[in-house]
Amino acid sequence: MSKPRVTIRIPTPLRPYVDDRDSLDLEGETVQELLDGLVDRYGPLKRYLMGDDGKLRNFVNVYVNDQDIRYLEQENTAVDEGDTVIIVPSVAGGAFPHVTLGPRPPVREGLTQEEIKRYSRHLILPEVGLEGQEKLRRSSALIVGMGGLGAPLGMYLTAAGVGRLGLVDFDVVEESNLQRQVLFDTKDLARPKLRAAQDRLEGLNPGVQVETHEARLTSDNALDILTDYDVVIDGTDNFPTRYLVNDASVLLGKPNVYGSIFRFEGQVSVFDAAQGPCYRCLYPEPPPPGLVPSCAEGGVLGVLPGVVGSLQAVEALKVLLGKGDALVGRLLLFDAMKMRFRELKLRKDPGCMVCGEDPTVTELIDYEAFCGLGEEDALDSAFQIDVTEAAAMIEKGDAMLLDVREPMEWQIVHIDGAKLMPVGEVPYKVGDLSTADNIIVQCHTGTRSAHITQFLRDLGFQRVWNMAGGIDAWAAQVDPTLTRY
Amino acid sequence: MLELPEDLLEELRRHAGEGYPAEVCGLLLGLDGEIRRITATRRATNLRAATTRDRYEIDPQDIVDGDREAREGNLVILGFYHSHPDHPAAPSRYDAERAWPWYSYVILAATAERAEQATAWRREGTGMVEESLRFISPGKVGECEHE
């Protein structure tokens, strides 16, 4: 029996390679067979459609009739007599990165007179010198997250003359940032962080090319963004992005200068899978969501990210210069209250799922799901009430309000009549609550209280609801006299 | 040389303004020749809109649909447009890396107030060269077709 005969539509840019035809008829049983037949006949077409491994390039989409084969069986999708296979170019671009075309500055030898003056304190260090300073100018670094850590990182690396500095962030400057994110000014409030950062850094050192990636780092864009830099610096404040940065750095073979902060304590290390462990060797899996509060929930001493970010900047410069003993295989712990540094030895885990001998993670995954996030959204909507419903119930004396924030937050602001029971105490004080009462659980914005609502429901409390949006939404919608923080 | 009727330019500006501060994108349909004449534009879904303000990727389904629409009207997809919110109407490095040869790429600089400047580009080798873009009054396209 002969094979199905199928029409292949060719997009205009590729028509010169098929005798200027807009479509061709070919025989084959699967998409792969048709494409193989096509490139057999028109050899020069191959480099546009397939990589060296013979697989379809990711900037080419293929449709069978009106369906994308990604949602069918990829290249193995079967075709029938009379089907149309359409080759669709993937069309993408965008202002990002803020580098208009062309001006990657040409590589030049030596330093200018201005550069010699600017970097003179580096140049007289034997470990840097002219050679090292030129090396920095030819190098590039990517800072993921322009928050507390990103601020000193951005300023010191720019001042030091790293040639190309990439910044990744998606937020705007908020008032609560200014207590520690010294890169920003009061007049920057509500501006996108990267626009403000770019102005500040270009003012500090016009010789540095600042590239802004105004995006949330995701599994879709991480490899594209990271691949262009010599070193990756992790200034993130959440677990999904931290695992994403780690895994992408390992997959690309880039050193990852890690830092994290909480309240009065910080951690720093250099994860370079070629020489030592990665973040996953240290923490194969994230803690359950809600267990480790974020800085927004737990607070942080404003100067702490200044210390930790500066330590990361030191490590990044050493990595770029290739000098000194990098913090590879060592985790530096800093306790600001005790004013003490400690160091832990880290070993590479041969069973590590990313950098081990037989890795199971060989491409980027869904990190939100991996970190168990999205689960508070999964709190049954029947267990959520909004602030106006909550206010009505409390007004009528139908419900008690359980505030699960920390005592310091309670001191800033609380709702009259609420009962304070911080998250960590709930498991021990559950006996103080009655399953006969209607209980509305409340925190700052509704995340912690969602976990407690689920926790209590799991224990058999049937009359527990989460107050969506927390005291912040209450202050916005019910009682505007309350302080917001 | 690319010709764009002024009413279609207005539509592109409107689209860019409505989408601001996100990037918007779409298709340019028309007649190929020594002078490329755009006769219709089509808004497309930006697949990257959820994750970034500074990038676009046109939903391939829009290209499949646009290609069908073009064929039915004896037109071709001449190229694509996208906006650069708060950025100049010049291709970024990423634009150049991802550009296909042959197509015309129209870029609109957009601000919160409005989209003003529009430029056109084509990929040559590994870079982008500017293509001259002429704005014509709407009636003129019809006249040209009958020449």
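The subject of this paragraph is the pattern of salt bridges. All names here are of chain B. Within this structure, the stated rule accounts for 36 salt bridges over all chains. The residue Asp-67 makes a salt bridge to Arg-71 at a minimum N-O spacing of 3.7 Å. With Asp-67 and Arg-71 both in helix 2 (residues 60-72), this residue pair falls 4 residues apart, about one helical turn. On the accessibility criterion, Asp-67 (15% relative accessible area) is buried. Accessibility expressed as a relative area gives 39% for Arg-71, which makes it partly exposed.

Residues and elements named next belong to chain B. Helix length check: helix 2, at 13 residues, gives a terminal C-alpha distance of 19 Å against a target of 18 Å (1.5 Å per residue), a fit within 8%. Of the positions making up helix 2, those classed as buried are Pro-60, Asp-62, Ile-63, Val-64, Asp-65, Gly-66, Asp-67 and Ala-70. Backbone nitrogen of Gln-61 and a side-chain oxygen of the N-cap are separated by 3.0 Å at the start of helix 2; the cap is Asp-59. Two residues or fewer after helix 2 comes Asn-74, characterised by a positive phi angle close to 55 degrees.

The sheet built from 5 strands is open, its strands ordered 2-1-5-3-4 (chain A) with mixed pairing. Every other strand in the sheet has two partners, leaving strand 2 (23-27) and strand 4 (67-68) of chain A as the edge strands with one partner each. Relative to strand 2 of chain A, strand 1 (residues 5-9) of chain A runs antiparallel, the two sharing 5 bridges. Residue pairing in the sheet places Ile-8 of chain A in a bridge with Leu-24 of chain A of strand 2 of chain A. Against the sheet, helix 1 (residues 31-41) of chain A contacts strand 1, strand 2, strand 3 (60-64) and strand 5 (84-89) of chain A, and its axis sits at roughly 115 degrees relative to strand 2 of chain A. Along the sheet face, helix 2 of chain B touches strand 1, strand 3, strand 4 and strand 5 of chain A and points at about 115 degrees away from the line of strand 5 of chain A.

Moving on, we come to the interface of chain B and chain A. In this complex, chain B contributes 39 residues to the contact, which on the side of chain A involves 41 residues. With both sides pooled, the region where chain B packs onto chain A buries about 3700 Å², and carbon together with sulfur makes up 56% of that total. Connecting chain B to chain A are 3 salt bridges. Scanning the region where chain B abuts chain A turns up 7 residue pairs in polar contact (both at pLDDT 80 or more).

Residue and element names in this part refer to chain A. Judged by pairing direction, the sheet is parallel, and its 5 strands sit side by side in the order 15-19-18-16-17 without closing on themselves. In this open sheet, the two strands that pair with only one neighbour each are strand 15 (384-385) and strand 17 (419-420). In the sheet, strand 16 (residues 400-403) pairs with strand 17 via 2 bridges, with the strands oriented parallel. Looking at strand 17, one finds that Asp-403 is bridged to Leu-420. Where helix 17 (residues 447-458) meets the sheet, it contacts strand 16, strand 18 (439-442) and strand 19 (464-467), and its direction lies at approximately 175 degrees from that of strand 19.

This part is about unusual backbone geometry. When glycine is set aside, most residues are seen to have a negative phi, and most peptide bonds are trans. In this structure, the amide linkage connecting Tyr-20 of chain B to the following residue, Pro-21 of chain B, adopts the cis form with an omega of 5 degrees. Mapped onto the elements, Pro-21 of chain B comes out in the loop between helix 1 (6-19) and strand 2 (25-31). Phi is positive for Gln-74 of chain A, close to 50 degrees, though the residue is something other than glycine. With respect to the helices and strands, Gln-74 of chain A occurs in the loop between strand 4 and strand 5.

We now examine the side chain of Arg-137 of chain A. Residues and elements named next belong to chain A. Structurally, the position occupied by Arg-137 is in helix 5 (residues 129-138). Take Arg-137: its relative accessible area is 17%, and that puts it in the buried class. Discounting chain neighbours no more than four positions away, the residues touching Arg-137 are Arg-108, Glu-109, Gly-110, Leu-111, Glu-115, Gly-161 and Gly-163.

All names here are of chain A. Scanning the entire structure with this criterion turns up 12 aromatic pairs over all chains. Ring geometry for Tyr-17 versus Tyr-48: centroids 5.0 Å apart, planes at 40 degrees, classification tilted. Note that Tyr-17 is positioned in the loop between strand 1 and strand 2 and Tyr-48 in helix 2 (residues 46-49), a separation of 31 residues in sequence. Relative accessible area serves as the criterion here: at 25%, Tyr-17 is assigned to the partly exposed category. Its relative accessible area of 14% is what places Tyr-48 among the buried residues. Among the aromatic residues, those joined into a cluster by ring pairs are Tyr-243, Tyr-258, Phe-271, Tyr-279, Tyr-283, Tyr-367 and Phe-370.

Residues and elements named next belong to chain A. Sheet topology places strand 16 next to strand 18; 4 bridges connect them, and they run parallel. Bridge pairing in strand 18 places Leu-402 opposite Val-441. Chirality of the crossover, the property in question, places the unit of strand 16, helix 15 (residues 407-412) and strand 17 among those that are right-handed.

Conventions used here
- Residues numbered from 1 in each chain as written.
- Chains lettered and ligands numbered in written order.
- Predicted model: local features only at pLDDT ≥ 70, side-chain atom pairs only at ≥ 80, totals over all residues.
- Heavy atoms only, no water.
- Salt bridge = Lys/Arg side-chain N within 4 Å of Asp/Glu carboxyl O.
- Helix = DSSP H or I, 4+ residues; strand = E, 2+ residues; numbered from the N terminus.
- Buried < 20%, exposed > 50% of the residue type's maximum accessible area, 1.4 Å probe, protein only.
- Expected span 1.5 Å × (residues − 1).
- Polar contact = N/O pair within 3.5 Å; in protein donor to acceptor, adjacent residues only side chain to side chain.
- Pairing = 2+ DSSP bridges.
- Contact = heavy atoms within 4.5 Å.
- Axes fitted to C-alpha atoms, helices over the stretch in contact; angles between N-to-C directions.
- Buried area = accessible area lost by both parts, 1.4 Å probe.
- Phe/Tyr/Trp six-rings, centres within 6.5 Å; stacked < 30°, edge-to-face > 60°.
- Right-handed = clockwise from strand over helix to strand, strands pointing away.

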